[in-house]
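# Breakdown of the fold
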Amino acid sequence: MAGPGTSGGGGGGGWRPLLVPLLMPTWLTIGIFLVLPVALMAVYSFLTKEFRGGVIWDFTLAAYDQFFVDRGLFGDEPPAIEWTYIAIFWRSIWQAGLATLFCLLVGFPTAWFIATRPASQRGVWLFLITIPYWVNLLIRTVSLKFLIRDNGPLNEGLMALGVLDAPVTLVNTNLAVQLGLFYSYLPFMVLPIYAAVERYNFALSEAAADLYASRWVTLREIVIPVVKPGIVAGCILVFVPSLGAFLAPDLLGGAKTFMIGSLIEEQFKGSLGNWPFGAAASMILMTLVLCALMVYARSASQAAGQGAAR
Amino acid sequence: MSRGVRHYPGFGWMTVLCLVILYAPLIVVTVYSFNGSTSITTWGGFSLRWYVDVFTGPEAPRFKAAAWNSLTIALIAATVATAIATAAAVAMHRAGGFRGRSLTFALINLPLMVPEIVVAVATLIFFTMVGITTGYMTILIAHITFCIPFAYLPIAARLQGIDEGYEQAARDLYAGRGQAFFLVLLPLMLPGVISGYLLAFIISLDDFIITNFVKGAGMETLPTAIFGSVKQGIKPNIMAISTLMLAVSAVFVTLSYLVNRVGRKSP
Amino acid sequence: MAAVQDAVDIRNVTKRYGSFTALDGVSLGIADNEFFTLLGPSGCGKTTLLRMIAGFEEITQGEIRLFGDPIAGRDPNHRPVNTVFQHYALFPHMTVRDNVAFGLKMKGMDAASRRARAERMLEMVHLSAFADRMPAQLSGGQQQRVALARALAPEPRVLLLDEPLSALDLKLRQAMRVELKQLQEETGITFIFVTHDQEEALTMSDRIAVMSAGQVQQIGTAREIYEAPVNRFVADFIGETNLIEVEVTRVDGDRAEVVLPGGHRLTCPSASRTGGRHALSIRPERMSVVAEAGADMLAVVERVVYLGTDLQLMVRLEGGAEFHVRLQNSARIAVPEPGARIGLRIEDGAARLLAD
Ligand SMILES: Nc1ncnc2c1ncn2[C@@H]1O[C@H](COP(=O)(O)OP(=O)(O)OP(=O)(O)O)[C@@H](O)[C@H]1O
Ligand SMILES: [Mg+2]
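Residues numbered from 1 in each chain as written. Chains lettered and ligands numbered in written order. Predicted model: local features only at pLDDT ≥ 70, side-chain atom pairs only at ≥ 80, totals over all residues. Heavy atoms only, no water.

With that settled, the discussion passes to the pattern of salt bridges. All names here are of chain C. One pass over the structure, following the stated rule, counts 31 salt bridges over all chains. The partner of Arg11 in a salt bridge is Asp9, with the nearest N and O atoms 2.8 Å apart. For Arg65, the salt bridge identified is with Glu63, shortest N-O distance 3.1 Å. The exposure class of Arg65 is partly exposed, given its relative accessible area of 22%. Note on Glu63: relative accessible area 25%, which makes it partly exposed. If you follow the salt bridges from partner to partner, you end up with Asp9, Arg11, Glu63 and Arg65 in one network. (Salt bridge = Lys/Arg side-chain N within 4 Å of Asp/Glu carboxyl O. Buried < 20%, exposed > 50% of the residue type's maximum accessible area, 1.4 Å probe, protein only.)

What follows covers the packing of helix 4 (residues 119-134) of chain A against helix 7 (residues 174-199) of chain A. Angle between the axes and distance between the axes are the two parameters that describe a pair of packed helices. All names here are of chain A. Relative to each other, helix 4 and helix 7 sit at 155°, their axes nearing to 9 Å. By the criterion of interaxial angle, the relationship of helix 4 to helix 7 is roughly antiparallel. With respect to the hand of their crossing, helix 4 and helix 7 are arranged in left-handed fashion. Along its contact with helix 4, which presents Arg122, Leu126, Ile129, Thr130 and Tyr133, the element helix 7 presents Pro187, Phe188, Val190, Leu191, Tyr194 and Glu198. Broken down by class, the residue content of the contact of helix 4 with helix 7 amounts to eight nonpolar, one polar and two charged. (Axes fitted to C-alpha atoms, helices over the stretch in contact; angles between N-to-C directions. Helix = DSSP H or I, 4+ residues; strand = E, 2+ residues; numbered from the N terminus. Parallel < 35°, antiparallel > 145°, perpendicular 65-115°, else oblique. Left-handed = near helix turned anticlockwise from the far one by under 90°. Contact = heavy atoms within 4.5 Å. Nonpolar A, V, L, I, M, F, W, Y, C, P; charged D, E, K, R; others polar.)

The next point concerns the site of ligand 1. All names here are of chain C. What surrounds ligand 1 is the set Tyr17, Phe20, Ala22, Ser42, Gly43, Cys44, Gly45, Lys46, Thr47, Thr48, Glu163 and His196. At 2.5 Å, a side-chain N or O of Thr47 approaches an oxygen atom of ligand 1. Of all the elements in the fold, those that place two or more residues in the shell around ligand 1 are strand 2 (20-31) and helix 1 (46-54). Broken down by element, the residue count for the shell around ligand 1 peaks at three residues, all from helix 1. (Near = heavy atom within 4 Å. Polar contact = N/O pair within 3.5 Å; in protein donor to acceptor, adjacent residues only side chain to side chain.)

Here we take up the environment of Thr221 of chain B. Residues and elements named next belong to chain B. When you line up the elements, Thr221 lands in the loop between helix 9 (209-214) and helix 10 (222-230). Owing to a relative accessible area of 3%, Thr221 belongs among the buried residues under this scheme. As for Thr221 and Tyr51, which are separated by 170 residues in sequence, their C-alpha atoms are 19 Å apart.

The final tally for this structure, using the stated rule, is 35 aromatic pairs over all chains. Joined through ring pairs, the aromatic side chains of Phe108, Trp112, Tyr200, Phe202 and Trp216 of chain A together with Tyr8 and Phe11 of chain B make up one cluster. If you follow Arg6 of chain B out to its NZ or CZ, it ends over the ring of Phe202 of chain A, 4.0 Å from the centre. Of note, Arg157 of chain C hangs over the ring of Phe67 of chain C, and the distance from its end group to the ring centre comes to 3.5 Å. (Phe/Tyr/Trp six-rings, centres within 6.5 Å; stacked < 30°, edge-to-face > 60°. Lys NZ or Arg CZ within 6 Å of the ring centre and 35° of its normal.)

What follows covers the interface of chain B and chain A. With 92 residues of chain B at the interface, the matching set in chain A holds 92 residues. Overall, the association of chain B and chain A removes approximately 8,500 Å² of surface from exposure, summing both partners, and the carbon and sulfur fraction of that is 78%. Joining chain B to chain A, the criterion identifies one salt bridge. In this structure, the salt-bridge partner of Lys231 of chain B is Asp250 of chain A, at a minimum N-O distance of 2.6 Å. The biggest single contributor to the side of chain B that touches chain A is helix 1 (residues 11-33) of chain B, with 16 residues. Broken down by class, the residue content of the side of chain B that touches chain A amounts to 67 nonpolar, 17 polar and eight charged. (Buried area = accessible area lost by both parts, 1.4 Å probe.)

The structure is reproduced here in structure tokens:
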């Protein structure tokens, strides 16, 4: 006798593979308009630059050479490491890393706090955290700039309260970029950690307390290791977009705080651009991100192993 | 034991801090958009003049055209992306373990994993190489592509929670495959589809970097137009536009929240 | 009380959640080295009481003392009490050994002694071979024993166990009962064991507190609780019993004379000091089928249920009340047919008059 699912004709589960062609539009769209472009970008990074943008189809390592190697102004000095771009990347990684750290320091307590509210209140708290995520990032960044500029409401307010004597310049500093990244991606930190804490078995904390661990030791020894997949997911979700961010450094940082995003963008604007170099920088950025994602995949599969037979 | 293992001193204050940081800029801009003064620094009393300026001022035609582009692109991109994502979700969750399933999963999520700026560069290079002139069409194509995973996530999440028994029961009661889908599965997954649509719409409306790369000369969407203006300094009319867009976002979140609530009540 | 100090002294403890009273004036003294069981139906407040001893729940009113010290306000990590959690709460990211050593580490024991003691604890629960596994790689019974080893490792003075056997299958549960009891005798630690399974309670405990609706109904040894229940709830909850309404004709200290259905009079032990109508509890296995002439009660057999070691007769008494009789299955007894009229004899001490 056939089961209820198979008695309507079609026979067995044989119709299931018929659904696979439904994936065709996905394959085609993402394949043609994302995978293929990324592959072409890789090719582009090995081409020769033409003035006024565009390329000549001569394969060369010039773009990567320009990125990593310093041959002096006229190419006649002994090659040394070119620090300019590495420094920009390093600054971006540093900025993104700091932003991730700050998001974690604020996001974890927030996520924990929300997840430990009575179930009926959690929805409202989450709603409050997600609203900014739905607001246009450009508008949020502009708003932040408006708030923190020299004679903006923040400075004026603090001066009126007597906290400050003179306005503090934030715009066009590293701190402003830091604040911008933090502000842009904070909800990305809260949401995955919240999801992890909500599933956390609080009996584990009780067991730790029962075995003589204090509150903060419990946090370090039990809670953080157990909700680690959520923390790592949150860190990735903040770190990756921060690394390639364009709006926060551009609007809040100005020229002094040049980051990868602006470096790449510049290569495709106007006649000063260098498309192969921009493509090469993009390739390097993508490699960094893939490394970060691999860290994530490792920790996620570890977590899956732990929970396997629970 | 005073407050139980769930309580950590200071976490409540961190939450408050978190909300203050997230909301302060938005609230300040909303308040200042009603400023009657021409200067953005001084308060000149409550006024709607900058809202009037947005619709009738010297920059009005530019913003109107940009808003129209943004809106139509978001509508079309969200619709197409949701259709593609719905088909994909059904295949991923109802076709069993076919070959290439995990590869497909990675492919769907690829736009989320590659940094936006890299997608922007790659897409620009692609269109240039194939010889498609950048403009409305290229923006639309790029938006459809990166909206797919955003539409997919809520739909797949919803579909995962729907027992296959419903479709099987429908099939058992003489429904054809198509009928089982349209009469049983689709209504059940509708909250997910709507959530996905709203998310894709907002994401399209939100995008700046990719659009900025593939828009071509003379073509503007609202974010690129605003960005262009802001480069010359924040003017009060930008704050009025920002507040309007904030309002649109607020409507969308509320819609999505309500859809999710209704969705949670049904199975 | 006696000169010996109680391990746990619970004095008039009340716990309220909002307007709901989960525990209502509970008083208990648990002696050192005792295997003490809290027994009661689901929702009666057993876990709540246990969590208050462990320090996870605040006391609304009353006081709990551990070896004479009031413990209100002391954090769980400062109480010489360990818990075996209902679903074990093993730390999923630590090996079995690290789980067992956790409490020792928190108490500041050095790594080498920690390891040695963890090994010894694992040996005690027969899990030495599993020390390097993760909790998820163990069966339910093994996890249960790890939880036990973990809670015993820091040598608590009191061990709390919240339905530790409820997730195990019947055979394992029976084996673990014996192991737990042995462990308690070997270590000399006071065990407070929570269960809603009366067989578990009866087989292991030195004393049992029967709880219902947030109140302690009776405290006593297994025998006392089974044979001398104080009220209807205890009589009904522990084992099987027949409860029939009878008229009390005379009260004489802790004995009473009652009128059985059919008119015979019976003198039996009584928990009640008043006359009037009361419930009489008669255990079904302490009855015998006799000739009508010498019977205490007369009945008509309605059904005979075969239970393997026993036979259960479902009969109807004169006056219409339903009544159960359990007979040991043996070739020597004549099994009555349904419809037969039989006489029933109540063994000495089998009937008991209840207070309410
Ligand atoms: N945090 C709480 N808030 C409100 N009521 C609670 C809370 N915890 C327990 N209760 C209530 O207190 C009563 C006693 O609960 P408790 O967990 O102690 O029962 P129990 O005897 O352990 O039952 P079980 O055998 O099912 O574990 C129950 O009615 C329960 O609903
Ligand atoms: Mg319980």
